[in-house]
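So the chains spell out like this:
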Amino acid sequence: MQIHTVKTTPIEGQKPGTSGLRKKTAVFMGPHYLENFIQSVITGTGGAQGKTYVLGGDGRYFNDRAAQVILRMLAAQGAMKVIVGQNALLSTPAASHLIRKRGADGGFIMSASHNPGGPNEDFGVKFNGPNGGPAPEGMTAKMYEETTRITEYKILDAQDVDFSGVGTQKLGELEVEVVDPVADYAAMMEDLFDFDKIRALLAGGFTMRFDAMHAVTGPYAKAIFEGALGAPEGSVINAVPSPDFGGGHPDPNPIWAKPLMDEMFGPDAPDFGAASDGDGDRNMIVGRGAYVTPSDSLAVLAANATLAPAYKGGLAGVARSMPTSGATDRVAEALGIECHETPTGWKFFGNLLDAGRATLCGEESAGTGSDHVREKDGVWAVLFWLNILAETGQSVGALLEAHWRKFGRNYYSRHDYEAVDSAAANTLVEELRAKLDDLPGQSFAGLTVEGADEFAYTDPTDGSVSEGQGIRIMLEGGRRIVLRLSGTGTDGATLRVYLERLETRPDHLDHDPQEALADVIAAADAIAGITRHTGRDAPDVRT
Ligand code: VG1
Ligand code: CO
């Protein structure tokens, strides 16, 4: 088999965002696009010679073709071994686990996560390091630099590798091991949680619905919930991964998982509902008639963590992304443990997890995880909730209400304005940035600003600094507005506006969040001129 050295030139815009490189599928399929990026990742991480990698993806359109290209490139650069999920499938948390378990040097995850898939939608590639976590900023900066000066890439001339059955084969000198994508992951879950207790809960008539949204968690959820835990068949729905996610948007929130929400708020609602995203790292939790915001979910898990075997010794600390509500902070305070506030994106949790300074981490965007892997983990979060429900015998709604009574409630909502003109979105942010120092003391929509800044993070373990991570405006009465531009979108700009208000009065805990946040929402528009800049009078998505 022959190694080709192919001449190429840099392609603009190959800068990894919040979570890897995401582009329209057609862009990724364009001449040299994938190859340029993969070569830059390899070069930027010191070459592939003698290394072991994990490879898999969420099954979206082009997943299987991209996997063949990545394998041939790794083979051409002297990699020793690649562990591939059967049919080139691996959920993001399962890939993270495999990297750690096998002591691999890194992994390639082919996914654009919650973005839709298909020939006209999105594709993506993420690179994870030897700790199993997303490449940190220093590493992605090196990859990006390589994309701007690439002149050639190396690829093996070879037939396709067969991914359909497990076993080991050779691609030139490279050893390719195809593995069951579910087995190791499922075994780890059984170590972390009390499967007997959950099995008994489900055998006792507790009903659940898990919506895999035609994405990668289908096989995992089937094996774990219906297989190992004995939930009746049909408890897991939309369980077969499809290249375009059944034409849907595999993002587990009340908008895109509306059929599940309708069922959970309908007359025949099961006791428990959950959904995950394209690559299986997000989770939505919803009880019968009770939606749990991701920020609250993290707080409830932290407060009840010792009920699950894996965390019975207590938590070393917790971490949340800056836009995530402060609900978890108050739990951490009550527990007397460290609480960290990081920029958006899982890569910022890696060092805290590695250093043992955080056990649980979470983001308002439906990401929750722990030190069991170095990614957020959808199925894990669902099992954690089930374990807690099995131990307490309470419903989701009752558990949530008890939590609010004890800690107060952070009314919370995120408003997304999608596919906004990029120039208009940048102007909005620039204008806001320019007046941050003048805001304190001024009133908007009847609320006085107490503080305003642009979030910067200094990693407490290695001292690295990340600036420009979102604008924060603190208002009277525990209210907060955060604004930032998405780093995962592929159409223009997505403006995310995060709205929060802390309520501690026991008789004011059951309001509709949009109503409870009405003054904060009005203040956000008055301060940032959202309608004026974007021309929109309502967000596309409210979570
Ligand atoms: C979004 C979320 C962020 C999450 C990221 C990746 O990023 O806000 O919390 O970590 O997606 O999630 P952004 O830059 O668009 O706001 V996933 O499940 O798409 O890998
Ligand atoms: Co995801």
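Before any of the text, the structure's been laid out above.
My aim in this report is to walk through the structure given alongside it, one point at a time.

Definitions and cut-offs
- Residues numbered from 1 in each chain as written.
- Chains lettered and ligands numbered in written order.
- Predicted model: local features only at pLDDT ≥ 70, side-chain atom pairs only at ≥ 80, totals over all residues.
- Helix = DSSP H or I, 4+ residues; strand = E, 2+ residues; numbered from the N terminus.
- Expected span 1.5 Å × (residues − 1).
- Buried ≥ 20, exposed ≤ 12 C-beta atoms within 10 Å, placed from the backbone.
- Arc of directions from axis to C-beta.
- Pairing = 2+ DSSP bridges.
- Right-handed = clockwise from strand over helix to strand, strands pointing away.
- Near = placed C-beta within 6 Å.
- Nonpolar A, V, L, I, M, F, W, Y, C, P; charged D, E, K, R; others polar.

A turn of α-helix holds 3.6 residues, and therefore any two residues three or four places apart point the same way. An ideal rise of 1.5 Å per residue puts 16 Å on twelve residues; helix 14 (residues 396–407) measures up with 16 Å between its terminal C-alpha atoms. Among the residues making up helix 14, those that are buried are V396, L400, H403, W404 and F407. End-on view of helix 14: buried residues confined to an arc of 95°, all on one side of the axis. Away from its buried face, by an angle of more than 90 degrees, helix 14 presents the exposed residues R405 and K406. Just past helix 14, the residue G408 takes up positive phi, approximately 85°.

Moving on to the pairing of strand 4 (residues 81–89). Relative to strand 4, strand 3 (residues 52–57) is paired through five bridges, and the arrangement is parallel. Residue L55 lies in a different strand from strand 4, and its bridge partner there is V84. In terms of handedness, the path from strand 3 via helix 3 (residues 63–76) over to strand 4 forms a crossover that is right-handed. Strand direction decides the pairing type here: strand 4 and strand 9 (residues 174–179), joined by five bridges, are parallel. Looking at strand 9, one finds that V82 is bridged to V176.

Next up on the list: the site of ligand 1. Neighbouring ligand 1 are 18 residues; T18, S113, S486, G487 and T488 lie closest to it. Its residues assigned to classes, the shell around ligand 1 comprises one nonpolar, twelve polar and five charged.

Secondary-structure assignment places D507 in the loop between strand 26 (493–503) and helix 16 (513–516). Using a count of 6 C-beta atoms within 10 Å as the deciding quantity, one classes D507 as exposed.

Counted residue by residue, strand 6 (residues 122–128) has seven buried out of seven residues, so it is predominantly covered. The alternating pattern of strand 6 places D122, G124, K126 and N128 and F123, V125 and F127 on opposite faces, both of which are buried. In this sheet, strand 6 lies alongside strand 2 (residues 21–24) in antiparallel orientation, the contact comprising four bridges. Looking at the pairing, K23 lines up with F123 of strand 6. For strand 5 (residues 106–110) and strand 6, the ladder comprises four bridges, and the chain directions are antiparallel. Residue pairing for strand 6: F108 is matched across the bridge by F127.

Such coordinate-based values are descriptive only and should not be taken to indicate function.
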